[in-house]
Amino acid sequence: MSDVAGDGPTFPTGLGTSDATQIRLMGHDLAEDLMGRVGFGELALWLMTQERPSPGHVRVFETVLVALADHGFTPTAIASRLTYLSAPDSLQGALAAGLLGGGSRFLGVTEDCGRFLAGVLATVDGDLPGDDAGWDALALTAVQEARAAKRFVPGLGHPVHKEQDPRTPRILAVAEEEGLRGPHLRLFEAVGRVHPQVLGRTLPLNGAGVCGAALADLDLPVELLRGVALLARTAGLLGHLAEERRRPLGMDVYLAVDRNATYVPHETAD
């Protein structure tokens, strides 16, 4: 929505303004009040929530960013190194390849898990459970319904950490220390306890899922959780691109893949 003022329309924003002498962000002078005084994690969380976060909120948020940075050195990051050699705008193209390449499999788990947990909590009529038994009952119903509908329960399983994802207990501990182990994390833990009864096997609670629960407990809209994962992933991608400059291997990877590929003819239906 725009307001007509003076010679043309204006488009109000709650984030900030800029003129010839000053940049103001969230009511603060960017150069004097924020730069050198506010960390990037705090600034990002502040921008998303439009409220100055507490030190505890910042600690949990930055713990999540560090936890998800490992998604920047997954195979899609190798693809970004290859793209770096050939894209017309090499750095931008490589970043885009890395960010978009794993969008669903890796980054999507954080959003999917937060969305799943928020959806279950929205079904509660009245007070939320007050003990582990109550949370387990709620989680058991949710997992049973997902299984009956032939849907995956997001946040379960990991291709590398088969027994336990090392990020999960750490994030839970940090949230507990900061008094931010809220309903999404409690429900997520309950899913971890009850899912073997329904699925017939025990799967680890993965780091991407617990990050989604922790971010939801910071009152971030679930629609933004994938964006937070992108933010974290960028650090790893930039590290890969810097590594490509120091120790190039993009072409070696390409040649190894190309030479070991088996090309088959395309079959068309009659």
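Residues numbered from 1 in each chain as written. Predicted model: local features only at pLDDT ≥ 70, side-chain atom pairs only at ≥ 80, totals over all residues. Heavy atoms only, no water.

Participant: Which residues make up the overall build of the protein, and what values do they have?
Facilitator: Tallying secondary structure elements over the protein gives 12 helices and five strands in all. Judged by the C-alpha coordinates and their principal axes, the protein covers about 65 × 60 × 45 Å. The buried share of the protein, taken over its 270 residues, is 40%. Contacts spanning at least 24 positions in sequence make up 70% of the contacts within the protein whose residues lie at least 6 apart. Accessible surface for the protein amounts to roughly 15,600 Å². Of this, 56% is attributable to carbon and sulfur atoms. Separation of charge centres in the protein, based on 23 positive and 34 negative side chains, amounts to 8 Å. (Helix = DSSP H or I, 4+ residues; strand = E, 2+ residues; numbered from the N terminus. Buried < 20%, exposed > 50% of the residue type's maximum accessible area, 1.4 Å probe, protein only. Contact = heavy atoms within 4.5 Å. Areas by Shrake-Rupley, 256 points an atom, 1.4 Å probe, with all protein chains shown as cover. Lys, Arg positive; Asp, Glu negative; His and termini not counted. Charge placed at Lys NZ, Arg CZ, Asp CG, Glu CD.)

Participant: How would you summarise the pattern of salt bridges if you had to cite specific residues and measurements?
Facilitator: Under the definition given, this model contains 12 salt bridges. Ionic pairing is found between Glu-177 and Arg-59, a salt bridge with its closest N-O pair at 2.8 Å. A residue pair is termed long-range when its members are at least 10 positions apart, and Glu-177 in helix α8 (residues 167–177) and Arg-59 in helix α3 (residues 55–68) qualify at 118 residues. Close ionic contact of Asp-165 with Arg-167 constitutes a salt bridge, the shortest N to O distance being 2.7 Å. By relative accessible area, which is 14% here, Arg-167 ends up buried. One salt-bridge network, in which partners are shared between bridges, spans Arg-59, Glu-177 and Glu-178. (Salt bridge = Lys/Arg side-chain N within 4 Å of Asp/Glu carboxyl O.)

Participant: Account for the packing of helix α9 (residues 183–199) against helix α10 (residues 207–217), naming residues and giving values.
Facilitator: Contact pair α9 / α10: the axes reach a minimum separation of 7 Å and the direction vectors enclose 150 degrees. Classed by the angle they form, the pair α9 and α10 counts as roughly antiparallel. Touching Pro-183, His-184, Leu-185 and Phe-188 of α9 are Gly-209, Val-210, Ala-213, Ala-214, Ala-216 and Asp-217, all from α10. A breakdown of the residues in the contact of α9 with α10 according to their chemical character gives seven nonpolar, two polar and one charged. (Axes fitted to C-alpha atoms, helices over the stretch in contact; angles between N-to-C directions. Parallel < 35°, antiparallel > 145°, perpendicular 65-115°, else oblique. Nonpolar A, V, L, I, M, F, W, Y, C, P; charged D, E, K, R; others polar.)

Participant: So what's going on with the side chain of Thr-110? Which residues, and what values?
Facilitator: By secondary structure assignment, the location of Thr-110 is in helix α6 (residues 103–122). On the basis of relative accessibility, which here comes to 0%, the residue Thr-110 falls in the buried class. Not counting residues up to four positions away in its chain, the partners in contact with Thr-110 are Leu-68, Ala-208, Cys-211, Gly-212, Leu-215, Leu-225 and Ala-229.

Participant: Please provide a residue-by-residue account of α10, values included.
Facilitator: With respect to burial, α10 is a largely interior element, 11 of its 11 residues being buried. Among the residues making up α10, those that are buried are Gly-207, Ala-208, Gly-209, Val-210, Cys-211, Gly-212, Ala-213, Ala-214, Leu-215, Ala-216 and Asp-217. Once α10 ends, the next one or two residues include Asp-219, with phi positive near 70 degrees.

Participant: With reference to specific residues and values, describe the sheet that holds strand β4 (residues 23–25).
Facilitator: Working definition: the strands of a sheet are paired by backbone hydrogen bonds and lie parallel or antiparallel to each other. Pairing in this open sheet of three strands is antiparallel, and the strands run β3-β4-β5 from one edge to the other. Looking at which strands have only one partner, the edges of the open sheet turn out to be β3 (16–18) and β5 (28–29). In this structure, β3 lies alongside β4, joined through three bridges in antiparallel fashion. Residue Gly-16 lies in a different strand from β4, and its bridge partner there is Leu-25. (Pairing = 2+ DSSP bridges.)

Participant: Outline the nonpolar core, listing residues and values.
Facilitator: Ranked by size, the top nonpolar core spans 50 residues in total, and within it Phe-61, Leu-187 and Leu-215 carry the most contacts. Of all the elements in the fold, those that place two or more residues in this core are α2 (40–49), α3, α6, α7 (132–148), α8, α9, α10 and α11 (225–246). One finds Met-26, Leu-34, Val-38 and Trp-46 within the second-largest nonpolar core, a separate group that totals six residues. (Core = buried A, V, L, I, M, F, W, Y, C linked by side-chain atoms within 4.5 Å.)

Participant: Kindly report on a nonpolar patch on the surface, identifying the contributing residues and their values.
Facilitator: On the surface, Leu-85, Met-251 and Tyr-254 cluster together to form a nonpolar patch covering roughly 310 Å² of accessible area. On the secondary structure map, Tyr-254 appears in helix α12 (residues 250–260). (Patch = residues over 30% accessible without salt bridge, like charges linked within 9 Å, V, L, I, M, F, W, Y side chains within 5 Å.)

Participant: Break down the state of the cysteines for me, with residues and values.
Facilitator: Scanning the entire structure with this criterion turns up zero disulfides. This cysteine, Cys-211, is not joined by any disulfide, and Cys-113 carries the nearest cysteine sulfur, 9.7 Å off. Taking relative accessible area as the criterion, Cys-211 reaches 0% and is therefore assigned buried. (Disulfide = S-S within 2.5 Å.)

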